[in-house]
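# Analysis of the macromolecular model
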Amino acid sequence: MINSNIPEGVLSEKWTKYKSKMPLVSPANKRKIEVIVVGTGLAGASAAASLAELGYKVKCFTFHDSPRRAHSIAAQGGINAAKNYANDGDSVYRLFYDTIKGGDYRAREANVHRLAEVSSNIIDQAVAQGVPFAREYGGLLENRSFGGVQVSRTFYARGQTGQQLLIGAYQALSRQISLGNVTMYNRHEMLDLVVIEGKARGIIARNLLTGKLERFGSHCVVLGTGGYGNVFYLSTNAMGCNVTAAWKAVKRGAYMANPCFTQIHPTCIPVSGDYQSKLTLMSESLRNDGRVWVPTKKEDAIAIQQGQKKGTDIPESDRDYFLERRYPAFGNLVPRDVASRAAKVECDKGHGVSPTGLAVFLDFSAAIERYGKSKANVLGIQNPDEIMVKNLGVAVVEEKYGNLFEMYEKITGEDPYVYPMKIYPAVHYTMGGLWVDYNLETNIPGLFAIGEANFSDHGANRLGASALMQGLADGYFVLPYTIGAFLSNDIKTTAISTAHPAFAEAENGIKTDLTKLIQIKGNQSVESMHRRLGKIMWDYCGMARNEAGLIKAREMIRELRKEFWSDLFVPGSVDEFNPELEKAMRVADFIELGELMVVDALNRKESCGGHFREEYQTEEGETLRDDANFSYVAAWQWTDLNFDPVLNKEALIYEEIKIASRSYK
């Protein structure tokens, strides 16, 4: 078993007492210490800005042309916080409990409680930065609900929450850049971690504009590089999202924890053809007002698939609101993994509503009518006709979700104010990631991982609106404290020289790999290889997995890896701007990660959250955990592909929460 370094004491007091007693670095000493932060999303940007504000000398890296390009802008639905503004019974404990339960009791209790504790501070910080959160009539910040909870705790800025929060973090980062406390390296991609005497002491990065490899030393390294959902090729992630920085750390000895825990988001625009390179997410906030349904009669579904009928042609009596039927207590706001599997079940039965049969309806007609009548009443309009009610209701819905509706119409060509949206589950977020302890430090001393890059807070399924919360919690309110536990022992260490042999060894290794990729001169493109990997992962390690399929998938991935290194074609040269070479490095890492994900899924002989093993389910088709044998974090070590990965276990011990079967009925 591995040690997570959780402080002693009562759970609700651990973080407060730990902050009061943890080692500190004095202001004078902070000015002598260099920190590398890789990534400029919410986690990376907030961490870089906060550490620089404290006095550390920060070097910050992004492969984008600007920090504002980070994928955090795509998380538009909202951010959770336990402020109880809605006065509906929320509390720090309830947010903590919902997160543990939503993760199907596979998250670390101490980290989750700390997340719930600092959540309110995030909102205050964002408001002070000018983030334009929605407000209700009395002037307080407005809240809405997200899946897996029965309270309204999600703060939002229309359908642009991630974007607005990132602008807030970016302005804090920009201030530190202007003061000279942060040196910003745009268009630089980390390609290796430099470890000296067992400690993370720097990185090798490639200047993407020139192709030049550059060395950067520091006293410690922080990875805020996001998740690895693009291992599936088709996902809601931006095309550039990758696992390379984290995977290079794994190759240097870092543990990858729970890699098979992948979140399938239920509210995505369905796949329409093989030509697609990514999928588009419709925010989970839409499930506040949208009702999910399929036709009760299979013949109606077939008619819709063939274009002979529209959703509006199906009478109310012939609609199956299957989430409301199966989960009456939570209805359309069940957690994402539950909603996704339920949609898959209906489509597998032949009730899907797209030409492929892989879609269900998300219908706003009831909400439009409800809001329209309410608005008419406010305006003193007696007996409004149907058209007036609809127009008034559309105006209210447009105010809440307008940009999302506009995006849907541009992509699909259908007006969601008239016809119900079509949605289907897709790969979205990865709960697995680099293993970290309570300090957010990996098993490599001096290497920290924050936000989606680590595994620590979401268990086997992430509740909606918690991604932004974790990223900002780690960057603003956790890492600035915990990083001192490592750096306080390093204040006598002088600046790390990049002339050290470890930097040369790492740089030469990268040069060898890059040159090898260019020299293969095969016949297949990087894109085609990535697409094939994604199909293997989705078919055998996606929404549902089974032993036979996972065994087959591992063999297929191994064969693909051989083919990749023998028949790939990468144009151009190493020492130049070469996007295809960038992608090739990333896909090489995805192929290796994909095999580890399959190994992890095969090892975990239970169903929990987003990991659904078909052999382990209840009679009603729900997840069936095995707490006696699998209540642990699977932390895998895999530095050499010639040997099987080594499993290290961190026991999950719950002091405050009683483990139970998840029920949303």
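Just above sits the structure.
Here the structure is a predicted model, which means the values were calculated and not measured.

Thresholds, definitions, all that
Residue indices follow the written sequence of each chain, beginning from 1 at its first position. Reporting in this predicted model follows two pLDDT cut-offs: at least 70 for local features of residues, and 80 or more for side-chain atom pairs to be given and counted; totals over whole chains, interfaces and linings ignore these cut-offs and use all residues. To get the side-chain values, take all heavy atoms of the structure and skip hydrogens and water. Any carboxyl oxygen of Asp or Glu that lies within 4 Å of a side-chain nitrogen of Lys or Arg is treated as forming a salt bridge with it. Helix and strand labels come from DSSP, where a helix needs a run of H or I of at least four residues and a strand needs a run of E of at least two; each type is numbered from the N terminus. Each residue is assigned to one of three classes by its accessible area relative to the maximum for its type, calculated with a 1.4 Å probe on protein chains only: buried under 20%, partly exposed between the two thresholds, exposed over 50%. The criterion for strand pairing is that DSSP finds at least two bridges linking the strands in question. As used in this structure description, the phrase polar contact means that two N or O atoms lie within 3.5 Å; if the pair is within protein, one of them must be able to donate a hydrogen and the other to accept it, and residues adjacent in sequence are counted only when both atoms belong to side chains. It only takes one pair of heavy atoms within 4.5 Å for two residues to be counted as in contact. Axis geometry follows a simple rule: fit a line to the C-alpha atoms, using only the stretch in contact for helices, then measure angles between N-to-C directions, giving values from 0 to 180 degrees.

Another aspect to go through is the pattern of salt bridges. Per the counting criterion, the structure on display carries 57 salt bridges. Here K583 makes a salt bridge to E580, at a shortest N to O gap of 3.0 Å. Residue K583 and its partner E580 are both found in helix α17 (residues 579–603); the two are separated by 3 residues, about one turn of the helix. Take E580: its relative accessible area is 24%, and that puts it in the partly exposed class. Two residues, E606 and R604, come together in a salt bridge whose shortest N-O distance is 2.8 Å. There is no split in this pair, since E606 and R604 are both buried. Within this structure, D104, R106, D337, R341, R604, E606, R625, D627 and R662 form a network of salt bridges that share partners.

Among the 9 residues in strand β7 (residues 199–207), 8 count as buried, and that is most of the element. Relative to β7, strand β6 (residues 188–196) is paired through 8 bridges, and the arrangement is antiparallel. Paired with V195 across the two strands is A200, which belongs to β7. Taking the residues between adjacent antiparallel strands as the criterion, β6 and β7 are bridged by 2 residues, where E197 takes a positive phi near 50°. Alignment of β7 against strand β8 (residues 213–217), held across 5 bridges, turns out to be antiparallel. Note that in β8 the partner of A205 across the bridge is E214. Counted along the chain from β7 to the antiparallel partner β8, the turn is 5 residues long, and its residue G211 has a positive phi close to 85°.

Turning our eyes to something else, we now look at the side chain of T236. Secondary-structure assignment places T236 in the loop between β9 (220–223) and α7 (244–251). Judged by relative accessible area, T236 falls into the buried class, the value being 6%. Side-chain polar atoms of T236 contact the side chain of H428, separated by 2.7 Å. Apart from residues lying up to four places away in sequence, T236 is in contact with H71, C268, K278, L279, L281, A426, V427 and H428.

Our focus in this paragraph is the sheet that holds strand β5 (residues 182–185). Within the open sheet, the 5 strands sit side by side as β5-β2-β1-β9-β17. Their pairing is parallel. Edge positions in the open sheet fall to β5 and β17 (447–449), since each of these has one partner strand only. On average, adjacent strands in this sheet sit at an angle of 20° to one another, irrespective of strand direction. On top of the sheet, helix α13 (residues 467–487) reaches β1 (34–38), β9 and β17; it is set at about 150° to β9, its chief contact.

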